[in-house]
Amino acid sequence: MGRWTQYDEDDYRLPEGMKRIGYDADSERYYFRDREGLVYKGPEGSEFGELTLVSEIPSSIPPEVDEDSDLEAAPTGTNGYRMLALDENGTRYNPRGGAYRTLFPFFLIIAVVLLLVWRLVLLPTRIAPVPCPSTTLSYIVQPGDTCWDIANDHNSSVDKLLIVNPKVNCDKLMPGDRVCVPDEGMSISVRF
């Protein structure tokens, strides 16, 4: 033991006849009893300080304490179980759902992540392209291709290419895009 440990004892710090009887974790206060049986509470969050008289003690502190009892242990019933905490109305707090209730947000986040992975990885994200009319050929745009190059390679004109592909913008052709190219011998009308 250290040299000055006697100054940390209740016998040294408390007035004569006072005895520490318990600690209420909800209010963070120590409770004390004097020789006449009056109960006092200490300041909040402090082990020692000014004591104030109280009319009743919290339910977590046993009414009578003998010399050999352990003040840090919670009071137990005759069956060995500890008393549950009480709310301000004096009813016992009974959590519904237990540990699963606290884990619910975690499982919810896991479910959302799994759904996103399933959506992004397992489901096809590309929509099937609209098939070309029967009188045309499908052509995948290569790097460097222009509308004129594509039409010229297939013995057609740019006007016929644009009639078959009304949504194609010749200035913004990207490699990998699919265009429908008219066959050489077909006749193209503006109606489709």
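Residues numbered from 1 in each chain as written. Predicted model: local features only at pLDDT ≥ 70, side-chain atom pairs only at ≥ 80, totals over all residues. Heavy atoms only, no water.

It is worth spelling out the sheet that holds strand E2 (residues 29-33) at this point. Taken together, 4 strands build an open sheet; the order of strands is E1-E2-E3-E4 and the sheet is antiparallel. Strands at the two margins of the open sheet, each flanked by one partner only, are strand E1 (19-24) and strand E4 (52-53). Note: strand E3 (residues 39-41) against E4, 2 bridges, orientation antiparallel. When the sheet's bridge partners are listed, Lys-41 is paired in E4 with Thr-52. (Pairing = 2+ DSSP bridges. Helix = DSSP H or I, 4+ residues; strand = E, 2+ residues; numbered from the N terminus.)

Turning to the confidence of the model for the protein chain, a few remarks are in order. If pLDDT is low for a region, its predicted coordinates should not be looked at in detail. On average, residues of the protein chain score 77 in pLDDT, and 68% of them reach the 70 mark or higher. Confidence drops under a pLDDT of 50 for residues 188-192, and excluding neighbours within four residues, the segment shows 9 contacts in the predicted structure. (pLDDT = per-residue confidence, 0-100. Contact = heavy atoms within 4.5 Å.)

Positive phi values are uncommon outside glycine, yet Glu-28 reaches one of about 55°. By the element assignment, Glu-28 lies in the loop between E1 and E2. The phi torsion at Asn-155 lies on the positive side, around 55°, for a residue other than glycine. Tracing the sequence through the fold places Asn-155 in the loop between helix H3 (147-153) and helix H4 (158-164).

Attention shifts here to the state of the cysteines. Scanning all chains against the criterion turns up 2 disulfides. Residue Cys-132 pairs covalently with Cys-180 via a disulfide, S to S 2.0 Å. Across the S-S bond linking Cys-132 and Cys-180, the dihedral sits near -85°, which makes this disulfide left-handed. Remark: Cys-180 occurs in strand E6 (residues 178-182) and Cys-132 occurs in the loop between helix H2 (98-122) and strand E5 (136-140); sequence separation between them is 48 residues. Cys-147 shares a disulfide with Cys-170; S-S distance 2.1 Å. Judged by the sign of its S-S torsion, about -100°, the bond between Cys-147 and Cys-170 is left-handed. In this pair, Cys-147 sits in helix H3 while Cys-170 sits in the loop between H4 and E6, placing the two residues 23 residues apart along the sequence. The connectivity of the disulfide bonds within the protein chain can be written as 1-4, 2-3, using the sequence rank of each bonded cysteine. (Disulfide = S-S within 2.5 Å.)

The next point concerns the nonpolar core. Among the nonpolar cores identified, the biggest contains 8 residues, and these are Tyr-139, Val-141, Cys-147, Ile-150, Leu-161, Leu-173, Val-179 and Val-181. Mapped by element, the contributors of at least two residues to this core are H3 and E6. In this structure, Val-179 is in contact with Cys-132, Leu-137, Ser-138, Tyr-139, Val-141, Ile-150, Asn-165, Val-168 and Leu-173, ignoring residues within four places of it in sequence. Listed in part, the 6 residues of the second largest apolar core include Met-18, Tyr-30, Phe-32 and Tyr-40. (Core = buried A, V, L, I, M, F, W, Y, C linked by side-chain atoms within 4.5 Å. Buried < 20%, exposed > 50% of the residue type's maximum accessible area, 1.4 Å probe, protein only.)

Okay, the pattern of salt bridges next. Evaluation of the coordinates by the stated rule reveals 2 salt bridges. Note that Glu-44 and Arg-29 form a salt bridge whose closest N and O atoms lie 3.7 Å from each other. Taken as a pair, Glu-44 in the loop between E3 and E4 and Arg-29 in strand E2 lie far apart in primary sequence, 15 residues in all. For Arg-29, a relative accessible area of 18% translates into the label buried. (Salt bridge = Lys/Arg side-chain N within 4 Å of Asp/Glu carboxyl O.)

In this section: the side chain of Ser-156. By the secondary structure assignment, Ser-156 is in the loop between H3 and H4. Setting aside anything within four residues of it in sequence, one finds Ser-156 in contact with Ala-151 and Pro-182.

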